[in-house]
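# Geometric and topological summary
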Amino acid sequence: MPLLVAVLAGCTSGSPEEAVSTSTIADPAGDVVVSGLGRDRETVASAPQSTQADILTTTVEHRADEIGFVVALRDLLPGQYLDLTANVTTDSTGSRLPTQVTSLTYDGESTIDVYRTDGSSRCPAADVAVDHDADTVTMTVPRTCLGDPRWIEATVVAATMQYDATPAGPRGDAVWEDDAYRTGQAEPAASGTSGRLHRP
Ligand SMILES: [Ca+2]
């Protein structure tokens, strides 16, 4: 009987949609939004002139051994601060709370952390690579750090700030950000995610 169950399970998981393991989605240039700027810090405003956190394309790939995120930005300057965060939902966590993958780049140095839902960090084998010539940030996370999921689904947001801004100054709380799956402040298209990507 266990053999029969296994065969049936194999038959029901082979639809073409479930075979998708890679997503590449373009995002418009000039759709960065800024919050916390100036006196009215609650307001979120368009910042089309801001290029540094402006996502152009995002590829998420569910590979056999790792999850890869490749984000192409409009203009990634060597000295700038960039926070690139993917929130990854998988079938492997019962709560369905996303796992947060965040890379921070500043002044030529980059770090990456994978956070549990309780806030602690794990996954020392996660990696980030920044290519200033190609204006890309690549994050890779071993599947084991995400509980060896059968499928993943990710949101991706890039953010920047003026790292040395005076806290009390007009830019002290300002954050410029761009959602990879959303144009400006518009409602996200479809799910606002990479879509569900299955293990190849
Ligand atoms: Ca964009």
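The coordinates are above.
Nothing here was measured: the structure is a model prediction, and the numbers come from that model. (Residues numbered from 1 in each chain as written. Predicted model: local features only at pLDDT ≥ 70, side-chain atom pairs only at ≥ 80, totals over all residues.)

## Some thoughts on the overall build of the protein chain
Quick note on the threshold: In this text, helices come from DSSP runs of H or I with a minimum length of four residues, and strands from runs of E with a minimum of two, each type numbered from the N-terminal end. Three exposure classes are used, based on other C-beta atoms lying within 10 Å of a residue's own C-beta, which is placed from the backbone: buried for 20 or more, exposed for 12 or fewer, and partly exposed in between. A pair of residues counts as a contact when their C-beta atoms, built from backbone coordinates, are within 7 Å of each other.
Secondary structure assignment for the protein chain yields one helix and 14 strands. Here the protein chain holds 200 residues, and the buried ones make up 28% of them. Considering only residue pairs separated by 6 or more positions, the protein chain has 63% of its internal contacts joining residues 24 or more positions apart.

## Examining the pairing of strand β8 (residues 109-115)
Look at any regular strand and the pattern is simple: side chains alternate between the two faces of the sheet. Filter applied, for reference: By definition, two strands form a pair when at least two bridges between them are found by DSSP.
As paired elements, strand β7 (residues 99-106) and β8 share seven bridges and run antiparallel to each other. Bridged to threonine 102 within β8 is aspartate 113. Counting the residues between successive antiparallel strands, the hairpin from β7 to β8 contains two residues, one of them, aspartate 107, with a positive phi of roughly 55°. As judged from the two bridges shared by β8 and strand β9 (residues 121-122), these two strands associate in the antiparallel manner. Note on β9: the bridge partner recorded for tyrosine 115 is serine 121.

## What to know about the environment of alanine 154
Relative to the elements of secondary structure, alanine 154 occurs in strand β12 (residues 151-160). Exposure remark for alanine 154: the 26 C-beta atoms within 10 Å place this residue in the buried category. Apart from the residues within four sequence positions on either side, alanine 154 is in contact with Val60, Ala86, Asn87, Val88, Thr193 and Ser194.

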